[in-house]
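# Structural overview for review
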Amino acid sequence: MTGDPTLLIRDAAVVATFDDEGREVPDASILIRGSRIEAIGPASELPRGADEVIDARGHLVTPGLVNTHHHMSQSLTRAIRAVQDAELFSWLRGLYPIWAHLTPEMIRVSTQIAMAELLLSGCTTSSDHLYIFPDGVKLDDSIEAARLTGMRFTAARGSMSVGHSRGGLPPDDVVESEDGILADTQRVIERYHDGGNGSMLQIAVAPCSPFSVSQELMVESARLARALGVRLHTHLAENDHDVAYTREKFGRTPAEYAEDLEWVGDDVWHAHCVKLDDAGIARFAATGTGVAHCPASNMRLASGIARVRAMRDAGVAVGLGVDGSASNDGGHMVGEARLAMLLQRVGIALEPFGCDRGPAAMTARDALAIATRGGAEVLGRRDIGHLAPGMCADLALFDLGALAFAGGAVHDPVGALLLCASPGAAYTIVDGKVVVRKGRLTTFDLECVVRRHDELAVQLTERARS
């Protein structure tokens, strides 16, 4: 450890640690040795030199943001005209036939694009839920892209096994056999999963949804995950149609369905949970079950407003997710946190039973806590999500002199990150490595990859039409 290279973030205007005390340290420096934070404190008390020094004067430093739900391949199908105004089920029916023509290269390139967006917004850790595997596509393709990009990654091996002919939503040609799903899931866990402190790559088991997999697959997937010591992830209670399907097919609310199949516990997180009822919230809190809140996607698809305030008050672990690039059409984590803050205030105002919280239903610091510590908790990570000695060196720096902060940072630089126009990160550091420097990605030629991505996006829709 003593021989590891050092990186000094020097003279930051403010370091917002989001540690247990919620410390916000003015005129501060952070010393990083190798992949770990060694010291945080007033700049006058820390060294002035290191192997590399970043001049952080006029910058806010936060923990790296944590994205708990995404479908990165969907960046190839942004703004598809036919589904711009669709709700969840019709949106899926419109896109399944296009996604059926994805290739391994499309997965690799779209994952690089999605991760670049996240890194440029200050996000250092992301999950991705890949659940469609046509034309030789494997989860390995996403994993290769993550290594090229430099992002800390939870790769969720998704699956669909119940096609339209068996009462499911997806067409039959995009589902897999359940034996094949379980075998490949075990393969990727055994090959790639690193459950150690500081891990850059973890695998989760992630059957897609109640309307695309069988109850048997849900049960067997949970058993496999627990036998191999990995986490479980799926979609739940996303909109009214989702709830109606679960009631009609299984005679249960979504939360009851999850509990019956042993899909609750501190090793489980569910995406969306827009329609989680009071009993479901209470059960999630009692079992330590986590939620990935995806405000932009929930708005885009008119799914509703998740009751995040009620969840957090009950003790449910809540993280933030940008969701798929075709239901959000972007991957800006600071922007997502701002939406979470604003949408929860509107949601409280609309609740029929009333609430006296008003605009304080979700503060800027609440939303940032969800985007950092909350996300780390949902992903089962104790080594990321806040800044303290011994933690992974995952940080984001924001230039308070940028136009977005004019007139705001002088009053409250931490609150201004969400209350002002959402900026990109000036620097993003993952595992002690600078992956965004002065607003530019350092790990690959982004312009070249964007060009190839757009060529592939055109190819994908042309293949679907032919």
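So, here's what we can say about the structure. Quantities reported herein were computed from a predicted structural model and do not represent experimental measurements.

Each helix and strand in the chain was counted, giving 14 helices and 17 strands. The globule rule puts the C-alpha radius of gyration for 466 residues at 23 Å, and the 21 Å found for the chain is close to it. Its C-alpha atoms give the chain principal-axis dimensions of roughly 70 × 50 × 45 Å. By residue count, 61% of the 466 residues in the chain fall in the buried class. Summarising the internal contacts of the chain: among those between residues at least 6 apart in sequence, 75% fall at separations of at least 24. With 44 positive and 61 negative side-chain charges, the chain shows a spacing of 2 Å between the two charge centroids.

What follows deals with the packing of aromatic side chains. What the rule picks out here adds up to 6 aromatic pairs. With 6.1 Å between their ring centres and 85° between their planes, Tyr96 and Trp99 make a pair best called edge-to-face. Separated by 3 residues within a single helix, Tyr96 and Trp99 lie in helix H1 (residues 88-99), roughly one turn from each other. We note that Tyr96, like Trp99, is buried. Joined through ring pairs, the aromatic side chains of Phe89, Phe211, Tyr245, Phe250 and Tyr257 make up one cluster. The residue whose ring lies beneath Arg157 is Phe133, and the NZ or CZ to ring-centre distance is 4.0 Å.

Here we take up the side chain of His386. By secondary structure assignment, the location of His386 is in the loop between helix H12 (364-378) and strand S14 (395-399). Residues in contact with His386, not counting those within four places in the same chain, are Thr17, Phe18, Asp19, Pro63, Arg373 and Met391.

Time to look at the pattern of salt bridges. Evaluated as defined, the whole model comprises 33 salt bridges. Residue Asp135 is joined to Arg463 by a salt bridge in which the shortest nitrogen-to-oxygen separation is 3.1 Å. One end of the pair, Asp135, is in the loop between strand S7 (123-130) and helix H3 (139-149); the other, Arg463, is in helix H14 (residues 446-465), and 328 residues separate them in sequence. Using a relative accessible area of 31% as the deciding quantity, one classes Arg463 as partly exposed. The residue Arg187 makes a salt bridge to Asp140 at a minimum N-O spacing of 2.7 Å. One end of the pair, Arg187, is in helix H4 (residues 178-192); the other, Asp140, is in helix H3, with 47 residues separating them in the sequence. Judged by relative accessible area, which is 27%, Arg187 ranks as partly exposed.

Position of Leu320 among the secondary structure elements: in strand S13 (residues 318-320). Owing to a relative accessible area of 0%, Leu320 belongs among the buried residues under this scheme. Note: C-alpha distance between Leu320 and Met333 (13 residues apart in sequence) is 8.3 Å. Apart from the residues within four sequence positions on either side, Leu320 is in contact with Val66, Asn67, Thr68, His69, His293, Pro295, Met333, Glu336, Ala337, Ala340, Ile370 and Ala371.

Strand S11 (residues 268-272) sits mainly inside the fold: 5 of its 5 residues count as buried. Two strands pair when backbone bridges link them, and S11 and strand S12 (residues 290-293) are joined in this way by 3 bridges, in the parallel orientation. Across the sheet, the residue bridging to Ala271 is Ala292, located in S12. Taken together, S11, helix H8 (residues 278-287) and S12 form a β-α-β motif whose crossover is right-handed.

Right, let's talk about the packing of H4 against helix H5 (residues 215-228) for a bit. H5 packs onto H4 with a crossing angle of 20° between their chain directions and a minimal axis gap of 11 Å. Comparing their axes, H5 and H4 come out roughly parallel. Here the hand of the crossing between H4 and H5 comes out right-handed. Taken together, the residues of H5 that come into contact with H4 (itself represented by Glu178, Ile181, Leu182, Thr185, Gln186, Ile189 and Glu190) are Glu216, Leu217, Glu220, Ser221, Leu224 and Leu228. Counted by class, the contact of H4 with H5 contains 6 nonpolar, 3 polar and 4 charged residues.

Rules used throughout
- Starting afresh in each chain, residues are numbered from 1 along the sequence in its written order.
- Selection of residues for local features in this predicted model requires a pLDDT of at least 70, selection of side-chain atom pairs for listing and counting requires 80 or more, and totals for whole chains, interfaces and linings are taken over all residues.
- Heavy atoms from the whole structure form the basis of all side-chain values; hydrogens and water molecules are not counted.
- Here a strand is any run of E in DSSP of at least two residues, a helix any run of H or I of at least four, and the numbering for each starts at the N terminus.
- Radius of gyration means the value over C-alpha atoms here, while the globule rule gives 2.2 Å times the residue count to the 0.38 power.
- Partly exposed residues are those whose accessible area sits between 20% and 50% of the maximum for their type, while under 20% is buried and over 50% is exposed, using a 1.4 Å probe and protein chains only.
- Pairs of residues are marked as contacts when any of their non-hydrogen atoms sit within 4.5 Å.
- In summary, the charge assignment counts Lys and Arg as positive and Asp and Glu as negative, without counting His or the chain termini.
- Charge positions come from single atoms, namely NZ of Lys, CZ of Arg, CG of Asp or CD of Glu.
- Centres within 6.5 Å make a pair out of two Phe, Tyr or Trp rings, where for Trp the six-membered ring is used; the pair is then stacked when the planes are under 30 degrees apart, edge-to-face when over 60, and tilted otherwise.
- Lysine and arginine charges are scored as sitting over a ring when NZ or CZ, respectively, is within 6 Å of the ring centre and within 35 degrees of the ring normal.
- Salt bridges are defined as contacts in which a side-chain nitrogen from Lys or Arg sits within 4 Å of a carboxyl oxygen from Asp or Glu.
- Note on pairing: DSSP must find at least two bridges between two strands before they are called paired.
- Here is how to tell: hold the view so the strands point away, follow the path from the first strand over the helix to the second, and if it runs clockwise the crossover is right-handed.
- Every axis corresponds to a line fitted to the C-alpha atoms, with the helix fit spanning only the stretch in contact, and the corresponding angles, defined between N-to-C directions, vary from 0 to 180 degrees.
- An angle counts as roughly parallel when it lies under 35 degrees, as roughly antiparallel when it exceeds 145, as roughly perpendicular when it falls between 65 and 115, and as oblique in every other case.
- If you view the pair so one helix is near and one far, a crossing is left-handed when the near helix is turned anticlockwise from the far one by less than a right angle, and right-handed when it is turned clockwise.
- Gly counts as polar in this scheme, as do all residues outside two lists: the nonpolar Ala, Val, Leu, Ile, Met, Phe, Trp, Tyr, Cys and Pro, and the charged Asp, Glu, Lys and Arg.

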